[in-house]
Amino acid sequence: MTKPTITVLQLYPKDMNIYGDYGNLLVIQRRLEWYGYEPTIIHYNVGDVFPSDVDIIIGGGGQDSGQEVIHADLLKIGPKLKILAEKNVPMLLVCGLYQLFGNFFKTLNGKTLRGIGILDVETIGTHERLIGNIVTNHPDFGDIIGYENHSGQTFLGQHAEPFATVIKGAGNNSKDSHEGARFKNVIGTYLHGSILPKNPKLADFLIHTAVTKKYGDFSTDIIDDHFADMARAIASERPR
Ligand code: GLN
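The structure presented is a predicted model; accordingly, all values stated were derived computationally and were not measured. (Residues numbered from 1 in each chain as written. Predicted model: local features only at pLDDT ≥ 70, side-chain atom pairs only at ≥ 80, totals over all residues. Heavy atoms only, no water.)

1. Quick notes on the UniProt feature "binding site: substrate" (unreviewed entry) in the protein chain
- According to UniProt, the positions carrying the feature "binding site: substrate" (unreviewed entry) are Arg129.
- Mapped onto the elements of the fold, Arg129 is located in strand 7 (residues 121-138).
- Not counting residues up to four positions away in its chain, the partners in contact with Arg129 are Asn149, His150 and Ser151. (UniProt positions renumbered as here; feature names shortened; annotations may be inferred. Helix = DSSP H or I, 4+ residues; strand = E, 2+ residues; numbered from the N terminus. Contact = heavy atoms within 4.5 Å.)

Here you go:
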């Protein structure tokens, strides 16, 4: 019997992929397999043809220089991403791509990189680097555990809702306790780590949303997340 397929697109793995962000793809791929689906993985880099059929989109962080490399291409595919976001496609964007899914990122060297505006946030480069282990909380996903390293500070606009609340660490900025932003099923977050191996509930949210959207229901075996739980316990106790 052929298995139902789910297509996962990873944005810019060549230039936007730091602090283990690639692990997010591995988690989605493996959990889809465990749940009985056939993952099709697409690595989308600058200049590639954007596929017509996508079920989950993920993207990682990068240096300011990496963000400059992908910037023009991202603006080009921005309208397509926006349509997919409006259609409730689940997406997870970490740090550098979170910033560029917002309205703009003004870098420390004075450049303003216009974003694609799916998330109503703006980011300003600062001399203060927000770095270290971070724990946040989300009403559905519980504690979310990760690692942040960014000098851009992000502020929510009127139409943005925060993704999570900071318990330990900085999150979006050094002023409020918001972490990340959310629009429909698009989640922007500063958490590397990678985030998904230590936060399987979040991985399952992306998978569950994609599968029910495509196939109408989602019936699965329970996955043994024993090792993820141990990793969560240890990582959440680490000092900042
Ligand atoms: N270059 C951006 C910043 O420093 C993003 C960094 C990252 O993706 N970790 O704010």
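2. Some thoughts on the packing of helix 1 (residues 22-34) against helix 5 (residues 200-215)
- At a closest axis distance of 10 Å, the pairing of helix 1 and helix 5 adopts a crossing angle of 65 degrees. With respect to helix 5, the axis of helix 1 lies roughly perpendicular. The two elements helix 1 and helix 5 meet at a crossing, and its hand is right-handed. Taken together, the residues of helix 5 that come into contact with helix 1 (itself represented by Val27, Ile28, Arg31 and Leu32) are Pro200, Ala203, Asp204, Leu206 and Ile207.
- Residues of the contact of helix 1 with helix 5, tallied by class, amount to seven nonpolar, no polar and two charged. (Axes fitted to C-alpha atoms, helices over the stretch in contact; angles between N-to-C directions. Parallel < 35°, antiparallel > 145°, perpendicular 65-115°, else oblique. Left-handed = near helix turned anticlockwise from the far one by under 90°. Nonpolar A, V, L, I, M, F, W, Y, C, P; charged D, E, K, R; others polar.)

3. What about the pattern of salt bridges?
- Enumeration according to the criterion identifies eight salt bridges in this entry.
- A salt bridge links Asp204 to Arg31, with the shortest nitrogen-to-oxygen separation between them at 2.9 Å. Here Asp204 is found in helix 5, whereas its partner Arg31 is found in helix 1, with 173 residues between them in sequence. Like Arg31, Asp204 is buried.
- The closest approach of N and O atoms between Arg31 and Asp225, which form a salt bridge, is 2.9 Å. In this pair, Arg31 is assigned in helix 1 and Asp225 in the loop between helix 5 and helix 6 (226-237), connecting sequence segments 194 residues apart.
- On the basis of relative accessibility, which here comes to 19%, the residue Asp225 falls in the buried class. (Salt bridge = Lys/Arg side-chain N within 4 Å of Asp/Glu carboxyl O. Buried < 20%, exposed > 50% of the residue type's maximum accessible area, 1.4 Å probe, protein only.)

4. Some words on the site of the ligand
- The environment of the ligand is made up of 16 residues, and the closest members are Gly62, Asp64, Gln67, Cys95 and Gly152.
- Gln99 is positioned with one of its side-chain polar atoms (N or O) 3.0 Å from an oxygen atom of the ligand.
- Breaking the shell around the ligand down by element, the ones donating at least two residues are helix 2 (64-86), helix 3 (96-100) and strand 8 (142-156).
- With four residues, strand 8 is the single largest residue contributor to the shell around the ligand.
- Along the lines of polarity and charge, the residues of the shell around the ligand split into three nonpolar, 11 polar and two charged. (Near = heavy atom within 4 Å. Polar contact = N/O pair within 3.5 Å; in protein donor to acceptor, adjacent residues only side chain to side chain.)

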